Amino acid sequence: MTNKNLIDLEAMSTEQIDKIIRKAKKIMQSPPDFRHACDGKILATLFYEPSTRTQMSFQTAMLKLGGRTIGFDNPMNSSVSKGESLKDTIKVISGYADIIAIRHPVEGTAMAASLYADVPVINCGDGGHLHPTQTLTDIVTLSSEKGRLDNLKIGVCGDLLNGRTVHSLIKTLAKYSNNSFVLISTEELSVPLYIIDILEKNGCKYEISNSLADAIVDLDVLYMTRIQRERFKSTEEYEAQKNIFVLDKEKLDKARQDMIILHPLPRVNEITVDIDDDPRALYFKQAQYGMYGRMALILLLLQDEDFVIESREANISDHKCNNPKCITQQEEYLPNLSYEKKGMIMCDFCDKRID
Amino acid sequence: MTNKNLIDLEAMSTEQIDKIIRKAKKIMQSPPDFRHACDGKILATLFYEPSTRTQMSFQTAMLKLGGRTIGFDNPMNSSVSKGESLKDTIKVISGYADIIAIRHPVEGTAMAASLYADVPVINCGDGGHLHPTQTLTDIVTLSSEKGRLDNLKIGVCGDLLNGRTVHSLIKTLAKYSNNSFVLISTEELSVPLYIIDILEKNGCKYEISNSLADAIVDLDVLYMTRIQRERFKSTEEYEAQKNIFVLDKEKLDKARQDMIILHPLPRVNEITVDIDDDPRALYFKQAQYGMYGRMALILLLLQDEDFVIESREANISDHKCNNPKCITQQEEYLPNLSYEKKGMIMCDFCDKRID
Amino acid sequence: MTNKNLIDLEAMSTEQIDKIIRKAKKIMQSPPDFRHACDGKILATLFYEPSTRTQMSFQTAMLKLGGRTIGFDNPMNSSVSKGESLKDTIKVISGYADIIAIRHPVEGTAMAASLYADVPVINCGDGGHLHPTQTLTDIVTLSSEKGRLDNLKIGVCGDLLNGRTVHSLIKTLAKYSNNSFVLISTEELSVPLYIIDILEKNGCKYEISNSLADAIVDLDVLYMTRIQRERFKSTEEYEAQKNIFVLDKEKLDKARQDMIILHPLPRVNEITVDIDDDPRALYFKQAQYGMYGRMALILLLLQDEDFVIESREANISDHKCNNPKCITQQEEYLPNLSYEKKGMIMCDFCDKRID
């Protein structure tokens, strides 16, 4: 099965990612050339939980292509979310809009929406599960600023255990040749084993570090994420470690002049404001690259017939996924779609193992 | 008095309804021809209670005509609704917008707004009173799918007592020749007597049925509505009857192949999802027809000089309407407008009898 | 330092104000000529507190210029406002939008935003501090309706103590020659001394009155504002005085035929509805003039290279402003910007004295 949705960046080939990047760069070079590319088209932004930055990025992307937007930003304001099934909402919106960008607190919702939509669906975040256009943002930034996606030494720092953006970035960059990683975190917040598996399977070099000051020295890229206090067992533990992972002027002085600093934002205190004006600090420009990446994505999904994304082969399994955070728990009409991975049966919506 | 507002579909002649339908069909045939029809025009959607579906339908309609939209979707976010009179809000918005679509929880609000607006006003629902563009949606769907608005056998099923969409649809279709109706409901939820009066006055055949399975057999149209648990005296009563009025595959098998199923949405459980893919299930397409109907309505109100809607002759009555749900109870400056009906004095805002 | 922001109307020369007025009049004469003036441009309306009227006025202004808008209307719906610094939000939005209109409950926020924005910033109200486009609205109305901004006798009535719109209007009109003022209020709500200072420094005649009925007789302009009950020490006091400051038909009968009535809206009861249709009642049309004024402002900030607004000379002071309502109390990275006034050190954000 092939489709015109972006649910999971994993489903995209590197050729497709490269195609998005090339398109994004073309748009950046001459935005006025694309000002009418989506004339008469409508993007629906269905945000079942607020995420102003992502929503505004998509809205701006569509407006800069000449299209228009409709949508909502909060389930409380939304009658469609009161008692109505996701399917019914998606069916109705398919009659209004040419493309749908959906955000939802429950895992697998974008995938579920894509089953019923008559138009392309973009996943703008489904709970703690996937957020593919954030990784797209990171990749467009890297390619534009470093000129390549391979032969990079990438430091990722902060909460590597829970940060879905970090996992997705590593998985994507592992597909490009000769990238190496420095995983900078406390032991408690180190990457899950399956990420190590992916690195090893792809033959990527990696180091584990618990010192940002040491690790920063020879990086091409430093990807910072925030550490959340609630992840720590005690306040003492948090207080003891939090400053190790604050990027400040002193640590930055040890980095190369051509290193670039990325951050998915919002930041809390893990990057001090006094380095915001350093030319290596690219986290604000990164948000703008994200907008161009989304413009490219919308264009390709709407207008490039060859830009179809392979879906994973799925079966109907005998029993339901029992992940309580999975959309199948809420929307009862959904089929028990599953796929096989390493001999296990996995839920096609939330990617958790079905017992 | 004539005007350019749509407050109550009753005020429209069948010629005017037919004109909207013809325009809607023209737009459907070639949407790009209308992409700039409202260039430079602004629609204000003033939604004093959330109704995302209706609001998005209007916004999409205006955007597809080349116009733009402003508005709000919730009184809590709206400073105009804090302490400010409806009149003042409408006066100010009249200075910004070319046409106003208003939704309000209080009966008669759209009518009140039209007294002060300098631009056309469309009623998008005023409490439990009127919702004319829903009926417009139903009528555009019927005409497009059945090719006619007369000589139809229409089944209406569910809560016929409280469903304003059902009442409005019956009143409208009763004006066309040779339509007959099957009123399918429990005794408790049967149509009010005034609807029976209208049917008899217009010479319409009608049957009363308490079995959807029996009634479905020879219908041209089945109009489903949801039954609300709180309408029943006891849970037992509700449980006993609710399944009679669920349209499922088994019942649908008895229907004609050219019968069409409509529903104003949102549905709860009164249509099972397994018939959604049946070609007779038109409730999702119906929402799209509604969008085209709204496009036609906006166009005619803004651009067709001949499209003026006759207002009812109104007088100033001696005392105020005392319907506690009427807008005159909240906005004290409103005149005591009334009209005569069968020798009674009726409120011109909420259509209730003035004592 | 010069810039392209409108934070405080005080920073504008009368030549610049006149330029906005001239541009606004040109737009009013032929709106279609400006329908594509801002094609491809995006206005971000960042409303950290709801103010539907102001937000819709800006949105309409941009849409009528051919531009598009993004933004939010409530911090509760806005992830950017959750924990993220103002600076970071502004930096990101600068990558999306061509111009920013910001409203915030805290004093000095627009000024703070302008320090980090890469695009022009317009202050749409920062707490009880400044609201320059309201005064712009008043001035455009006056110039359009009276044909001049000098040689006017202006009555200002209501709460002259707390009304920031009244203070700003007086400060602006005092710069034009031969304007005189009648300050109509109770003693408790009379203008602050610094306003009297400004009037005297500019050589403006002024009278103090506690009777609207007496004062109205020979005014060119009557500027009404609402009185808030909570400003009075007792309910008795409020009840005793409130009717003195209600403009009704009887008082209006004493006014000249060419007097005009303005009000920043929303009104409560200080103007009776029965004079709304009097040709002198311009408060609704005033809102429309405000929209044209905002169109002119956006155009000049975006397109007129010569339209740069002089910033006050600022220094870094030794200690922080300690006004608890000042933005510097919330956003810790802000520099301690200050300026000198009459030998005192003033906060450059909130204009309060720094102790």
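Residues numbered from 1 in each chain as written. Chains lettered and ligands numbered in written order. Predicted model: local features only at pLDDT ≥ 70, side-chain atom pairs only at ≥ 80, totals over all residues. Heavy atoms only, no water.

## Concerning the overall build of chain A
Reasoning step 1: What chain A contains, in helices and strands, is 11 helices and 14 strands.
Reasoning step 2: Compactness check: chain A gives a C-alpha radius of gyration of 20 Å against a globular reference of 20 Å for 355 residues, within 12% of the reference.
Reasoning step 3: Based on the C-alpha atoms only, the size of chain A along its principal axes is roughly 55 × 50 × 40 Å.
Reasoning step 4: Taken over 355 residues, chain A has a buried fraction of 62%.
Reasoning step 5: In chain A, the proportion of contacts linking residues at least 24 apart, taken out of those at least 6 apart, comes to 71%.
Reasoning step 6: Accessible area for chain A stands at about 14100 Å²; split by element, carbon and sulfur atoms hold 46% of it.
Reasoning step 7: Counting 43 positive and 51 negative side-chain charges, chain A places the averaged centre of each group 3 Å from the other. (Helix = DSSP H or I, 4+ residues; strand = E, 2+ residues; numbered from the N terminus. Rg over C-alpha atoms; globule rule 2.2 N^0.38 Å. Buried < 20%, exposed > 50% of the residue type's maximum accessible area, 1.4 Å probe, protein only. Contact = heavy atoms within 4.5 Å. Areas by Shrake-Rupley, 256 points an atom, 1.4 Å probe, with all protein chains shown as cover. Lys, Arg positive; Asp, Glu negative; His and termini not counted. Charge placed at Lys NZ, Arg CZ, Asp CG, Glu CD.)

## Here we look at the interface of chain C and chain A
Reasoning step 1: Residue-level contacts link 24 residues of chain C with 26 residues of chain A.
Reasoning step 2: Summed over both partners, the interface of chain C with chain A buries about 2200 Å², with 55% contributed by carbon and sulfur atoms.
Reasoning step 3: Our count for the contact surface shared by chain C and chain A stands at three salt bridges.
Reasoning step 4: The shortest N-O distance in the salt bridge between Glu84(C) and Arg53(A) comes to 2.2 Å. (Buried area = accessible area lost by both parts, 1.4 Å probe. Salt bridge = Lys/Arg side-chain N within 4 Å of Asp/Glu carboxyl O.)

## As for unusual backbone geometry
Leaving glycine aside, a negative phi is the common case for residues, and trans is the common case for peptide bonds.
Residue and element names in this part refer to chain B.
Reasoning step 1: A cis geometry characterises the amide bond from Leu265 onward to Pro266, with omega recorded as -5°.
Reasoning step 2: Inspection of the secondary structure assignment puts Pro266 in the loop between strand E10 (260-262) and helix H11 (283-303).
Reasoning step 3: A positive phi angle, close to 60°, is found at Leu265, a residue other than glycine.

## Let's talk about the domain arrangement of chain A
Residues and elements named next belong to chain A.
Reasoning step 1: Split into domains, chain A comes out as domain 1 (2-131 + 288-310), domain 2 (133-286) and domain 3 (320-347).
Reasoning step 2: For domain 1 and domain 2, the distance between their C-alpha centroids amounts to 27 Å.
Reasoning step 3: On the domain 2 side, the residues contacting the 30 residues of domain 1 number 22 residues.
Reasoning step 4: When the buried surface of domain 1 facing domain 2 is broken down by residue, Leu9, His131 and Tyr289 rank first, second and third, together holding 32% of it.
Reasoning step 5: Linking domain 1 with domain 2 are zero salt bridges.
Reasoning step 6: At the boundary of domain 1 with domain 2, the tally comes to 12 residue pairs in polar contact (both at pLDDT 80 or more).
Reasoning step 7: Elements with a minimum of two residues in the side of domain 1 that touches domain 2: helix H1 (14-29), helix H2 (52-64), strand E5 (121-126) and helix H11 (283-303).
Reasoning step 8: With eight residues, H1 is the largest single contributor of residues to the side of domain 1 that touches domain 2.
Reasoning step 9: Looking at the side of domain 1 that touches domain 2 residue by residue, the class counts come to 13 nonpolar, 10 polar and seven charged. (Domains from an automatic or database assignment. Polar contact = N/O pair within 3.5 Å; in protein donor to acceptor, adjacent residues only side chain to side chain. Nonpolar A, V, L, I, M, F, W, Y, C, P; charged D, E, K, R; others polar.)

## Structural notes on the pattern of salt bridges
Reasoning step 1: Under the counting rule described, the total for this entry stands at 51 salt bridges over all chains.
Reasoning step 2: Salt-bridge contacts for Lys91(A) lead to Asp118(A); the nearest nitrogen and oxygen are separated by 3.6 Å. One end of the pair, Lys91(A), is in helix H3 (residues 86-94); the other, Asp118(A), is in the loop between helix H4 (109-116) and E5, and 27 residues separate them in sequence.
Reasoning step 3: Classification of Asp118(A) by relative accessible area gives exposed; the value is 58%.
Reasoning step 4: Through salt bridges that share partners, Lys87(A), Asp88(A), Arg267(B) and Asp276(B) make up one connected network.

## Thoughts on the environment of Lys201(A)
Reasoning step 1: Among the secondary structure elements, Lys201(A) is positioned in helix H7 (residues 193-201).
Reasoning step 2: With 27 residues separating them along the chain, Lys201(A) and Ala174(A) place their C-alpha atoms 9.2 Å apart.

## Examining the interface of chain B and chain A
Reasoning step 1: At the interface, 26 residues of chain B touch 24 residues of chain A.
Reasoning step 2: Carbon and sulfur atoms make up 55% of the surface buried where chain B meets chain A, a total of about 2200 Å² over both sides.
Reasoning step 3: For the pair chain B and chain A, the number of links is three salt bridges.
Reasoning step 4: Ionic pairing is found between Arg267(B) and Asp88(A), a salt bridge with its closest N-O pair at 2.7 Å.
Reasoning step 5: The set of elements that each furnish at least two residues to the side of chain B that touches chain A consists of helix H2 (52-64) and H11 of chain B.
Reasoning step 6: Here the side of chain B that touches chain A gets eight residues from one element, more than from any other, and that element is H2(B).

## Quick word on the packing of aromatic side chains
All names here are of chain A.
Reasoning step 1: The tally for this structure, following the rule as stated, stands at nine aromatic pairs over all chains.
Reasoning step 2: With 5.2 Å between their ring centres and 90° between their planes, Tyr48 and Phe72 make a pair best called edge-to-face. Residue Tyr48 is found in the loop between strand E2 (42-47) and H2, and its partner Phe72 is found in strand E3 (residues 68-72); the two are separated by 24 residues along the sequence. Residues Tyr48 and Phe72 agree in their burial class; the two are buried.
Reasoning step 3: When the ring centre of Tyr339 is taken as reference, the NZ or CZ atom of Arg312 above it lies at 3.7 Å. (Phe/Tyr/Trp six-rings, centres within 6.5 Å; stacked < 30°, edge-to-face > 60°. Lys NZ or Arg CZ within 6 Å of the ring centre and 35° of its normal.)

## Points about the relation of the copies chain B and chain A
Reasoning step 1: For the pair chain B and chain A, the relating rotation is 120°, the translation along its axis is 0.0 Å, and the fit reaches an RMSD of 0.0 Å. Given the turn and translation reported, the copies of this chain are related as if by a three-fold rotation axis. Within chain B, Arg68(B) has its C-alpha nearest the rotation axis, a separation of 5.2 Å.
Reasoning step 2: Mapped onto chain A, only 8% of the interface residues of chain B again fall at the interface, so the copies present different surfaces. (Least-squares fit on C-alpha atoms with pLDDT ≥ 70 in both.)

## Quick look at the relation of the copies chain C and chain A
Reasoning step 1: For these two chains of identical sequence, chain C goes onto chain A by a turn of 120° and a shift of 0.0 Å along the axis, with RMSD 0.0 Å.
Reasoning step 2: Comparing contact sets, just 8% of the residues at the interface of chain C also lie at the interface in chain A, consistent with a heterologous contact between different surfaces.

## Brief notes about the sheet that holds strand E6 (residues 153-157) of chain C
Residues and elements named next belong to chain C.
Reasoning step 1: What the five strands build is an open sheet, ordered E8-E7-E6-E9-E10; its pairing is parallel. Each having just a single partner strand, strand E8 (205-209) and strand E10 (260-262) make up the two edges of the open sheet. For this sheet the average axis-to-axis angle between neighbouring strands, irrespective of direction, equals 20°.
Reasoning step 2: Note: E6 against strand E9 (residues 221-224), four bridges, orientation parallel. Considered in E9, the bridge of Ile154 is made with Val221.
Reasoning step 3: Against the sheet, helix H5 (residues 132-146) touches E9 and E10, its axis set at about 170° to E10. (Pairing = 2+ DSSP bridges. Axes fitted to C-alpha atoms, helices over the stretch in contact; angles between N-to-C directions.)

## Details of the side chain of Glu270(B)
All names here are of chain B.
Reasoning step 1: Inspection of the secondary structure puts Glu270 in the loop between E10 and H11.
Reasoning step 2: For the buried Glu270, no salt bridge exists, and the shortest N-O distance to an oppositely charged side chain is 5.5 Å, to Arg226.
Reasoning step 3: Within the structure, the side chain of Glu270 is placed 2.6 Å from the side chain of His263, a separation counted as a polar contact.
Reasoning step 4: Separated by 3.1 Å, the side chain of Glu270 and the backbone nitrogen of Val268 make a polar contact.
Reasoning step 5: Excluding anything up to four places from it in sequence, Glu270 contacts Met224, Thr225, Arg226, Phe245, Val246, Leu247 and His263.

## Regarding the pairing of strand E9 (residues 221-224) of chain A
All names here are of chain A.
Reasoning step 1: Here E9 shows no split at all, with Val221 and Tyr223 on one side and Leu222 and Met224 on the other all buried.
Reasoning step 2: Inspection of the sheet shows E9 paired to strand E10 (residues 260-262) by three bridges, in the parallel sense. Across the sheet, Leu222 pairs through a bridge with Ile261, a residue of E10.

## Concerning the state of the cysteines
Residues and elements named next belong to chain C.
Reasoning step 1: Taken as a whole, this structure holds zero disulfides over all chains when the rule is applied.
Reasoning step 2: Here Cys350 is not disulfide-linked; the sulfur of Cys321 is the nearest cysteine sulfur, at 3.6 Å.
Reasoning step 3: Taking relative accessible area as the criterion, Cys350 reaches 0% and is therefore assigned buried. (Disulfide = S-S within 2.5 Å.)

## A word on helix H7 (residues 193-201) of chain C
All names here are of chain C.
Reasoning step 1: Along H7, the residues that are buried comprise Ile195, Ile196, Ile198 and Leu199. The buried residues of H7 occupy an angular sector of 160° when the element is viewed end-on, so they sit on one face. In H7, the exposed positions that point more than 90 degrees away from the buried face belong to Leu193 and Lys201.
Reasoning step 2: As for H7, its buried residues are in contact with helix H6 (164-173), strand E7 (180-184) and E8. (Arc of directions from axis to C-beta.)

## Regarding the confidence of the model for chain A
Caution applies to low-pLDDT parts of the model: their predicted coordinates are not meant to be read in detail.
Reasoning step 1: In this model, chain A carries a mean pLDDT of 94, and residues with pLDDT of at least 70 account for 97%.
Reasoning step 2: Reported for the predicted complex are a pTM of 0.96 and an ipTM of 0.95. (pLDDT = per-residue confidence, 0-100.)

## Describing the pairing of strand E14 (residues 344-347) of chain B
All names here are of chain B.
Reasoning step 1: Note that strand E13 (residues 337-341) and E14 share four bridges and pair antiparallel. Across the sheet, the residue bridging to Lys341 is Met344, located in E14.
Reasoning step 2: Counting the residues that bridge the hairpin from E13 to E14 gives two residues, and of these Lys342 lies at a positive phi of roughly 50°.

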